[in-house]
Amino acid sequence: MQERKGRPFLEVFASALHEDYRFPILELFAFLYALGTFVFASFVSVSAAGELIAYSLTASLMIFPLFTFIILIFKNVAYGFGSDIEKGIIQTFLSYPLKRRWVLSAKLLSALGVALLLFLSIQISAMYVLAPDVVGPYLGTVILTYVANLSYPLLLSAIILFLTLILRRGSIALVVGIVLYFALGIVSSLASFIAFATQSPLALQVISVFSPNVVLGMYYQVFGVGPGFPSASIWTPSFTEALLYLGASYVIVAAVFATAYIYFSRRFSL
Amino acid sequence: MRRWKILLGRSGTVLLAIGLALLLVSLIPAAQTGTSMGTQHLGPKRWGSWYYETILTPQQSLRLNVTANGTLNVYLLEVRSFSIYDWMLENYPDRDLFDFSNVTYLEEYLNANPATIGWQHQIQNGGVEYEYYPTKTTNATLVLSNPTSDFIQLEYRVTMTAQVAPRGKVQTLATWTIPIGFLLAIPWTVDILRARTKKD
């Protein structure tokens with residue numbers, strides 16, 4: 001029984017892999033990840049705390065590759081899954097002796113899982129090449145920085161997936177995803193400005209729920225630079241507080257994905 | 001079987017792409033950001049740390065070139081020179097700074113703090129050239145010590161360079177990943193070419 005269920009899952013997964021990563025898409029993104037990781041790496045002063053050095057290095061390494069990663073997952077989720085729905089290929093997958101949620105899982109494993117695996121393996125390997133003595137002692141900080149920075153892209157992927165399923169096409173969902181991605185940058189700047197103007201951390205706290213790298217950045221900047229740093233006067237989040245925001249952001253991500261799963265399993269029809 | 005071939009082939013092409021990116025990174029030329037040089041005399045059983053002191057990140061390297069007409073110990077310490085004197089003052093509060101220029105105090109410091117030694121070498125009437133790549137953000141101080149009872153004349157030249165990544169490491173990785181990737185990709189490429197030839 002288990003074998004019967006596993007084989008169709010692998011068939012859907014293999015088919016999704018074939019569609020999502022046609023030659024030379026995977027190679028092109030691997031090249032960009034590797035190149036961007038080294039080119040954008042930067043280090044802060046030696047006087048800073050070790051955690052701050054690890055945090056700032058990890059954040060700097062992600063500048064370009066994270067953007068490339070977002071392009072890849074948007075393409076896979078909106079374009080890949082959207083075209084499967086538009087062309088009716090999804091009907092073939094639905095005819096497999098497999099529950100709908102497993103079909104969606106196989107598609108997401110290819111669209112998100114493989115992209116994430118490639119992204120993280122190149123990034124962490126590059127970090128070990130570049131600064132092994134920074135990564136080793138502060139692996140926890142490095143992992144936390146990745147988890148925080150990946151939250152918003154994953155939220156956008158979940159929104160794009162849900163919109164693709166509702167609209168039965170990927171193009172509009174893709175546009176919404178791109179707009180939301182750039183909107184976060186604008187809204188983050190606005191939130192910082194409002195926080196400074198009103199001397200209230202509320203705007204930054206709201207943004208941190210969706211994008212926890214804001215709270216983590218505040219935590220590490222305050223941690224490393226000391227109470228003289230301007231943001232410290234507005235908001236000095238504790239480590240537990242930063243973890244709570246991180247947890248809250250992933251609860252939202254999980255909720256949107258769960259909604260998409262429920263919709264696909266119960267309501268989705270062609 | 002065919003899926004395994006595809007999996008191996010695509011892993012190979014991905015490795016090849018990563019290798020090419022690393023090769024490109026290693027080809028980006030390093031920029032010389034500073035040079036310090038001079039000729040000095042070092043008295044018997046004396047040491048000095050005034051030659052060169054800086055902060056380095058893994059994206060910077062130090063090229064050291066030291067020559068001496070006698071026996072000379074060259075150290076690259078991952079601390080500021082103040083830290084060395086602070087340690088000596090802490091452990092020998094009754095001595096002054098001139099006493100601390102004796103090699104005995106330096107040796108005691110090095111024995112107590114071996115982790116601070118980034119690199120060391122002994123010159124026997126000749127020269128040494130070395131390129132130092134730090135693995136973390138660190139202070140770097142060039143320390144020269146004369147363990148003999150003779151005066152020594154020495155020449156030093158320190159060049160600091162900035163680069164995208166440690167060239168040696170990246171080049172080594174590229175020289176491994178490119179051939180491995182190429183080898184893994186061969187069966188898959190051959191299959192594709194065969195399929196195309198059949199189609200034509």
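Residues numbered from 1 in each chain as written. Chains lettered and ligands numbered in written order. Predicted model: local features only at pLDDT ≥ 70, side-chain atom pairs only at ≥ 80, totals over all residues.

**A word on the overall build of chain A**
Within chain A, the secondary structure is distributed over twelve helices and zero strands. Moving toward the C terminus, one meets the helices and strands of chain A in the order α-α-α-α-α-α-α-α-α-α-α-α. Each principal axis of the C-alpha atoms in chain A carries an extent, and together these give about 65 × 40 × 35 Å. Expressed as a percentage of the 270 residues in chain A, the buried residues total 45%. In chain A, of all internal contacts separated by at least 6 residues, the share reaching a separation of at least 24 is 76%. (Helix = DSSP H or I, 4+ residues; strand = E, 2+ residues; numbered from the N terminus. Buried ≥ 20, exposed ≤ 12 C-beta atoms within 10 Å, placed from the backbone. Contact = placed C-beta atoms within 7 Å.)

**Side note on the overall build of chain B**
Check the secondary structure of chain B and you find five helices and six strands. Start at the N end of chain B and walk to the C end: the helices and strands fall as α-β-β-β-α-α-α-β-β-β-α. In terms of C-alpha radius of gyration, chain B reaches 25 Å, well past the compact-globule figure of 16 Å for 200 residues. Dimensions of chain B, computed from C-alpha atoms along their principal axes, come out at roughly 90 × 30 × 25 Å. (Rg over C-alpha atoms; globule rule 2.2 N^0.38 Å.)

**Considerations on the domain arrangement of chain B**
Accessible area lost upon the coming together of the parts serves often as the stated size of an interface. Taken domain by domain, chain B comprises domain 1 (2–27 + 168–199) and domain 2 (31–163). Taking the mean C-alpha position of each, domain 1 of chain B and domain 2 of chain B sit 45 Å from one another. (Domains from an automatic or database assignment.)

**Examining the interface of chain A and chain B**
Between chain A and chain B, the residue contacts involve 20 residues of the former and 25 residues of the latter. Among the secondary structure elements, those contributing two or more residues to the side of chain A that touches chain B are helix 2 (25–39), helix 5 (100–130) and helix 6 (132–135) of chain A. Ranked by residues supplied to the side of chain A that touches chain B, first place goes to helix 2 of chain A with eight residues. Its residues placed into classes, the side of chain A that touches chain B shows 18 nonpolar, no polar and two charged. (Nonpolar A, V, L, I, M, F, W, Y, C, P; charged D, E, K, R; others polar.)

**Looking at unusual backbone geometry**
Pro 24 of chain A follows Phe 23 of chain A through a cis peptide bond whose omega is 5 degrees. Looking at the element boundaries, Pro 24 of chain A is found in the loop between helix 1 (2–20) and helix 2. Located in the positive-phi region is Lys 45 of chain B, a residue other than glycine, with phi close to 55 degrees. Turning to its location among the elements, Lys 45 of chain B is positioned in the loop between strand 1 (31–42) and strand 2 (47–56). The phi dihedral of Asn 125 of chain B falls on the positive side, at around 50 degrees, and the residue is not glycine.

**Focus on the nonpolar core**
Within the largest apolar cluster, 105 residues are counted, with the highest numbers of intra-cluster contacts made by Ala 30, Ala 34, Ile 73 and Ile 160 of chain A together with Ile 18 of chain B. The leading source of residues in this core is helix 3 (residues 50–87) of chain A, at 17 residues. Residues within four places of Ile 18 of chain B in sequence aside, it is in contact with Ala 30, Ala 34 and Ile 122 of chain A together with Thr 177 of chain B. Within the second largest apolar cluster, 24 residues are counted, among which are Val 66, Val 79, Leu 106 and Leu 142 of chain B. (Core = buried A, V, L, I, M, F, W, Y, C linked by C-beta atoms within 7 Å.)

**A look at the confidence of the model for chain B**
Residues and elements named next belong to chain B. Looking at chain B, the pLDDT average stands at 92 and 99% of residues meet or exceed 70. Across chain B, the element-wise mean pLDDT spans from 80 in helix 3 (residues 97–100) up to 95 in helix 4 (residues 103–112). Model confidence for the complex is summarised by a pTM of 0.89, with the ipTM given as 0.90. (pLDDT = per-residue confidence, 0-100.)

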